[in-house]
Amino acid sequence: MRRIQYHRYGGPEIMRLEEFELPSPQADEIAVAVKAASVNPIDWKLRQGQLKVLTGRSFPRAMGSDFAGVVRAVGPGITQFKPGDEDFGIARLKESGAYAEAVITRESYLALKPAELSFEQAAALATVAVMAWNGLVERARLHRGQRVFVNGCTGGIGQAVVQVARMRGADIAGSCSAASASRARELGVAAVYDYATSDLSGLRGVFDVVYDTSGALPVKTAMRMLNTTGVFLDINATPAKFLHSAFNRRHKIFNCTPTTQTLTEVARAAVDGSLRMPIGETVTLDSAIDLITDLEKGRKIGGKGLILIDATP
């Protein structure tokens, strides 16, 4: 089989489309024939070595997090899935491997794909929707009538956060570029701030939740924007932020934590039209390295980058 992998940490030039041998799934593991995979910044951050304290120094390493496909085989004791099931989910952080003809992941990182969703639609959902759900629903316990500020509201995670906040009945404000303001309003952001010109420190004590999806919002500014019971959701950890969060429980740092239940919830929302991620460009596995490189270098495509893979279960 083929997958995109690399033999050392570094820039986009080290990616290679190469053959590999898929092992048999073990306990708690499922092998999936990938039909579609989507591109996320975490994928190239892992390849750059930003999380090598977690991923280690064993090579070659595979790339790719989000995928949708068909179950090839299941490990011992698996009861929720069987060969032939259409599913979607997230590859394990350490191993990755979604940019491939097949991938192995944990049972709990998968959910059944509703028939109403295409493989492409399902592949575009997982990481961004789970991050939105992890933060707003599971950590902030967001409910109707609360006020949310989304920093980077038109990015991949930002768009998912806005849509989940809207599902929960929140009042939404957010920041983005001036060029993206109309898109933010289409999503349901009532008050849109240009991140290049707005002084957000003036929004003191306004919000129940501040969700920084871009990592550009200073912690001091975010905390000032909260009301007395509000929480700051932060997905861009640094040592200084970890130290601050250790002494202030309203500053919540977290990573993507997929579960079958969460994935099922976001799939249900996608089916009823409450949560959809736009697809900006679609390529084959043979052309995927060029697209990943362009996105890493900052090219905007108006939605998720998608890789179509014709793999036989």
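Colleague: For this particular structure, what's the right way to read the pattern of salt bridges?
Modeller: Where side chains of opposite charge bring their charged atoms close, a pairing between them can arise. In the structure shown here, the tally under the stated rule is twelve salt bridges. The partner of Arg-47 in a salt bridge is Glu-296, with the nearest N and O atoms 2.6 Å apart. Taken together, the positions of Arg-47 in helix H1 (residues 41–48) and Glu-296 in helix H10 (residues 288–296) put the pair 249 residues apart, joining distant regions of the chain. Lys-113 serves as the salt-bridge partner of Glu-86, at 3.2 Å between the closest nitrogen and oxygen. Pair noted here: Glu-86 is in strand S6 (residues 86–90) and Lys-113 is in the loop between strand S8 (110–112) and helix H3 (119–123), with a separation of 27 residues, a long-range link. Accessibility expressed as a relative area gives 34% for Glu-86, which makes it partly exposed. Lys-113 gets classed as buried once you look at its relative accessible area, which sits at 9%. One network of salt bridges, with partners in common, ties together Arg-2, Glu-101 and Asp-286.

Colleague: Help me understand the side chain of Asn-236, please; the structure alone is not making it clear to me.
Modeller: Mapped onto the elements, Asn-236 comes out in the loop between strand S13 (226–234) and helix H8 (239–247). Dropping the residues within four chain positions of it, Asn-236 is found in contact with Lys-45, Asp-212, Thr-213, Ser-214, Gly-215 and Lys-241.

Colleague: Any chance you could explain helix H5 (residues 156–167) here in plain terms?
Modeller: For the α-helix, the turn length of 3.6 residues means that residues three or four positions removed from each other point alike. Compared with the 16 Å implied by 1.5 Å per residue over twelve residues, the 17 Å span of H5 between its first and last C-alpha is a close match. With nine of its twelve residues buried, H5 lies for the most part within the structure. Along H5, the residues classified as buried are Ile-157, Gly-158, Gln-159, Ala-160, Val-161, Val-162, Gln-163, Val-164 and Ala-165. Looking one or two residues past H5, Gly-169 carries a phi angle of roughly 80°, positive in sign.

Colleague: Mind showing me how you'd approach the sheet that holds strand S11 (residues 191–194) here?
Modeller: Pairing is parallel across the open sheet formed by six strands, whose spatial order is S11-S10-S9-S12-S13-S14. A single partner strand is all that each edge strand has here, and the edge strands are S11 and strand S14 (251–253). Sheet twist, expressed as the mean angle between neighbouring strand axes with direction ignored, is 15°. Pairing analysis gives five bridges linking strand S9 (residues 147–151) to strand S10 (residues 171–176), with the strands arranged parallel. Directly across from Phe-149, in S10, lies its bridge partner Ala-173. Strands strand S12 (207–212), S13 and S14 of the sheet are contacted by helix H4 (residues 126–139), whose axis makes an angle of about 155° with S12. Packing against the sheet, H8 makes contact with S12, S13 and S14, and its axis sits at approximately 130° to S14.

Colleague: Is there a simple way to explain the sheet that holds strand S1 (residues 2–6) in this structure?
Modeller: By way of backbone hydrogen bonds, the strands of a sheet pair with one another, either parallel or antiparallel. In spatial order, the strands read S2-S1-S4; together these three strands make up an open sheet with antiparallel pairing. The open sheet has two edge strands, strand S2 (16–19) and strand S4 (61–62), and neither has a second partner. Across four bridges, S1 lies against S2 in antiparallel orientation. Residue pairing in the sheet places Ile-4 in a bridge with Leu-17 of S2.

Colleague: Where do I start with the packing of aromatic side chains in this structure?
Modeller: Any two aromatic rings considered together are summarised by their centre-to-centre distance and by the angle between their planes. All told, the structure shown has six aromatic pairs when counted by the stated rule. Seen in terms of ring centroids, Phe-149 and Tyr-193 are 6.1 Å apart; in terms of plane orientation they differ by 50°. Their pairing is tilted. Of this pair, Phe-149 sits in strand S9 while Tyr-193 sits in strand S11, placing them 44 residues apart in sequence. Judged by its relative accessible area of 0%, Phe-149 falls in the buried class.

Colleague: Whenever I open this one, the nonpolar core confuses me. Can you help?
Modeller: Buried together is how nonpolar side chains tend to be arranged in soluble globular proteins. Judged by nonpolar contacts, the single largest core of 54 residues is most densely connected at Phe-88, Leu-125, Leu-136, Val-209, Tyr-211, Leu-233 and Leu-275. Of the residues forming this core, the biggest block, nine residues, is contributed by H4. By size, the runner-up hydrophobic cluster in this structure holds 30 residues, among which are Ile-4, Met-15, Ala-37 and Val-39.

Colleague: Help me understand the packing of H1 against H10, please; the structure alone is not making it clear to me.
Modeller: When two helices pack together, their arrangement is given by the angle between the helix axes and by the axis-to-axis distance. Following both chains from N to C, one finds H1 and H10 inclined at 90°, their axes separated by 10 Å at the closest point. Our classification of the angle between H1 and H10 gives roughly perpendicular. Here Trp-44, Arg-47 and Gln-48 of H1 lie close against H10, whose contacting residues are Ile-292, Leu-295 and Glu-296. Of the residues that constitute the contact of H1 with H10, the class distribution is three nonpolar, one polar and two charged.

Colleague: Can you walk me through the pairing of S6 in this structure?
Modeller: For a regular strand, side chains alternate in direction, first toward one face of the sheet and then toward the other. Most of S6 sits out of view: four of its five residues are buried. In terms of strand pairing, strand S5 (residues 66–74) meets S6 through five bridges, oriented antiparallel. Bridging from a neighbouring strand, Asp-66 pairs with Ile-90 of S6. Sheet analysis places S6 next to S8, joined by three bridges and oriented antiparallel. Considered in S8, the bridge of Phe-88 is made with Ala-111.

Quick notes on the rules
Residues numbered from 1 in each chain as written. Predicted model: local features only at pLDDT ≥ 70, side-chain atom pairs only at ≥ 80, totals over all residues. Heavy atoms only, no water. Salt bridge = Lys/Arg side-chain N within 4 Å of Asp/Glu carboxyl O. Helix = DSSP H or I, 4+ residues; strand = E, 2+ residues; numbered from the N terminus. Buried < 20%, exposed > 50% of the residue type's maximum accessible area, 1.4 Å probe, protein only. Contact = heavy atoms within 4.5 Å. Expected span 1.5 Å × (residues − 1). Pairing = 2+ DSSP bridges. Axes fitted to C-alpha atoms, helices over the stretch in contact; angles between N-to-C directions. Phe/Tyr/Trp six-rings, centres within 6.5 Å; stacked < 30°, edge-to-face > 60°. Core = buried A, V, L, I, M, F, W, Y, C linked by side-chain atoms within 4.5 Å. Parallel < 35°, antiparallel > 145°, perpendicular 65-115°, else oblique. Nonpolar A, V, L, I, M, F, W, Y, C, P; charged D, E, K, R; others polar.

All we've got here are geometric facts, nothing functional implied.
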